[in-house]
Amino acid sequence: MARIIGGLTTSHVPSIGKAIAQKQQQDPYWKPFFDAFHPVHDWLAREKPDVAVVIYNDHGLNNFLDKMPTFAIGAAHEYHNADEGWGIPVQKPFKGDAKLSWHIIENLVADEFDITMCQEVLVDHAFTLPMALMYPGGQDWPVRTVPVMMNSVQHPLPNPRRCYKLGQAIGKAIESYPEDIKVVLLGTGGLSHQLDGERAGFINKPFDLWCMDKMLNDPEALARLSNHEIVEKAGSQGVELMTWIAMRGAMQGRVTQISSTYHVPISNTGGAVMLLENHPVPRAIAAE
Ligand code: DHB
Ligand code: FE
């Protein structure tokens, strides 16, 4: 059976792409953020996942304001990146796992999530940069991927409770997949940031640290937030927290922390990286 071995959450600002291209990983501005990935690299080298299920928010490269699915899942054999206008290099194509995608889609629809199924997806910086941070060096991507997109752009947005439940349904679907594969989850976005308006540049470190604590110890507390509360406390783009909440919902077992780093700012954003491990809970205990 498929196994969810862990989950990585990370901020995804486009300037990470520029920092990688210009080899600025050791610059004092970037070093604490890039260093946060050393334990991630060690863990990936040890655990060798087969597939990454990447939960992220498309920013308009794939879904635009004319048609905006609340939740959408890619079901292709390959995914391409394209120029989004940030001036960062376009990443090489990513392998898909269409069979696993369809399994997740079928289970989600059976579970009353009416998601949009996509046989072509252009993946944006929220997908590509976390992958480049996980697997630096430009080698072939060592994992197949499943993109899961959430609407963080056009109101009305899905609420945190719904995102948490979506994650739970994704986790259940993955763990019912009959092939013996190891799956790593990604939740990319956040933490606090606001890119426009009167509060542009707003970052709320205490709230971000509270979220990181709840990610490990009490994800229900995140699911109880409202989107208004998140916008108030984390800025209008802070709603990208939804990707973290969904990712955490998908972790079905006992969850422990491998690493956690917070470094501000990266670009306009509270820069946060967390790696959580998922330990299977025996069925008899899980049922109690
Ligand atoms: C920035 C952050 C984002 O989440 C994003 O999608 C684009 C830009 C930033 O902080 O610059
Ligand atoms: Fe973003």
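What comes next concerns the included structure. Everything numeric in this text was worked out from a predicted model, so none of it was measured.

**Description of the coordination of the iron ion (ligand 2)**
Within the first shell, the iron ion (ligand 2) binds the protein through His12 (NE2), His59 (NE2) and Glu240 (OE), at distances of 2.0 to 2.2 Å. Taken in sequence order, the residues that donate to the iron ion (ligand 2) follow the motif H-x46-H-x180-E. Placement of the pair is His12 in the loop between strand E1 (3–10) and helix H1 (15–21) and Glu240 in the loop between helix H9 (227–234) and helix H10 (241–249), with a sequence separation of 228 residues. Among the residues examined, Glu240 registers a relative accessible area of 3% and is labelled buried.

**Points about the site of ligand 1**
Contacts to ligand 1 come from His12, Val13, Pro14, His59, Trp86, His125, His193, Leu195, Glu240, Ser267, Asn268 and Thr269. His125 is positioned with one of its side-chain polar atoms (N or O) 2.8 Å from an oxygen atom of ligand 1. Of the residues belonging to the shell around ligand 1, the class tally is 4 nonpolar, 7 polar and 1 charged.

**Focus: the packing of aromatic side chains**
The description of an aromatic ring pair rests on the distance of the ring centres and on the angle between the ring planes. Per the counting criterion, the structure on display carries 10 aromatic pairs. Between Trp30 and Phe34, the ring centres sit 5.8 Å apart and the planes meet at 65 degrees, which makes this aromatic pair edge-to-face. Judged by relative accessible area, which is 9%, Phe34 ranks as buried. Measuring from ring centre to ring centre gives 6.0 Å for Phe33 and Phe34, while their planes differ by 80 degrees; the resulting arrangement is edge-to-face. Both residues of the pair, Phe33 and Phe34, belong to the buried class. Here the aromatic residues Tyr29, Trp30, Phe33, Phe34 and Phe37 are joined through ring pairs into a cluster of three or more. Lying over the aromatic face of Trp141, Lys92 brings its terminal NZ or CZ to 4.4 Å of the ring centre.

**Section: the nonpolar core**
Counting residues in hydrophobic clusters, the biggest one holds 53 residues, and the most contacted among them are Val53, Ile104, Leu108, Ile174 and Leu185. Considering every element that reaches this core, the biggest residue donor is helix H6 (residues 160–175), with 7 residues. Among residues more than four places away in sequence, those in contact with Leu108 are Ile73, Phe113, Ile115, Leu166, Ala169 and Ile170. Ile5, Phe37, Leu44 and Leu275 belong to the second largest nonpolar core, which has 40 residues in total.

Reading the values: rules and limits
Residues numbered from 1 in each chain as written. Chains lettered and ligands numbered in written order. Predicted model: local features only at pLDDT ≥ 70, side-chain atom pairs only at ≥ 80, totals over all residues. Heavy atoms only, no water. Donors = N, O, S within 2.8 Å, 3.2 Å for Na, K, Ca; no water. Helix = DSSP H or I, 4+ residues; strand = E, 2+ residues; numbered from the N terminus. Buried < 20%, exposed > 50% of the residue type's maximum accessible area, 1.4 Å probe, protein only. Near = heavy atom within 4 Å. Polar contact = N/O pair within 3.5 Å; in protein donor to acceptor, adjacent residues only side chain to side chain. Nonpolar A, V, L, I, M, F, W, Y, C, P; charged D, E, K, R; others polar. Phe/Tyr/Trp six-rings, centres within 6.5 Å; stacked < 30°, edge-to-face > 60°. Lys NZ or Arg CZ within 6 Å of the ring centre and 35° of its normal. Core = buried A, V, L, I, M, F, W, Y, C linked by side-chain atoms within 4.5 Å. Contact = heavy atoms within 4.5 Å.

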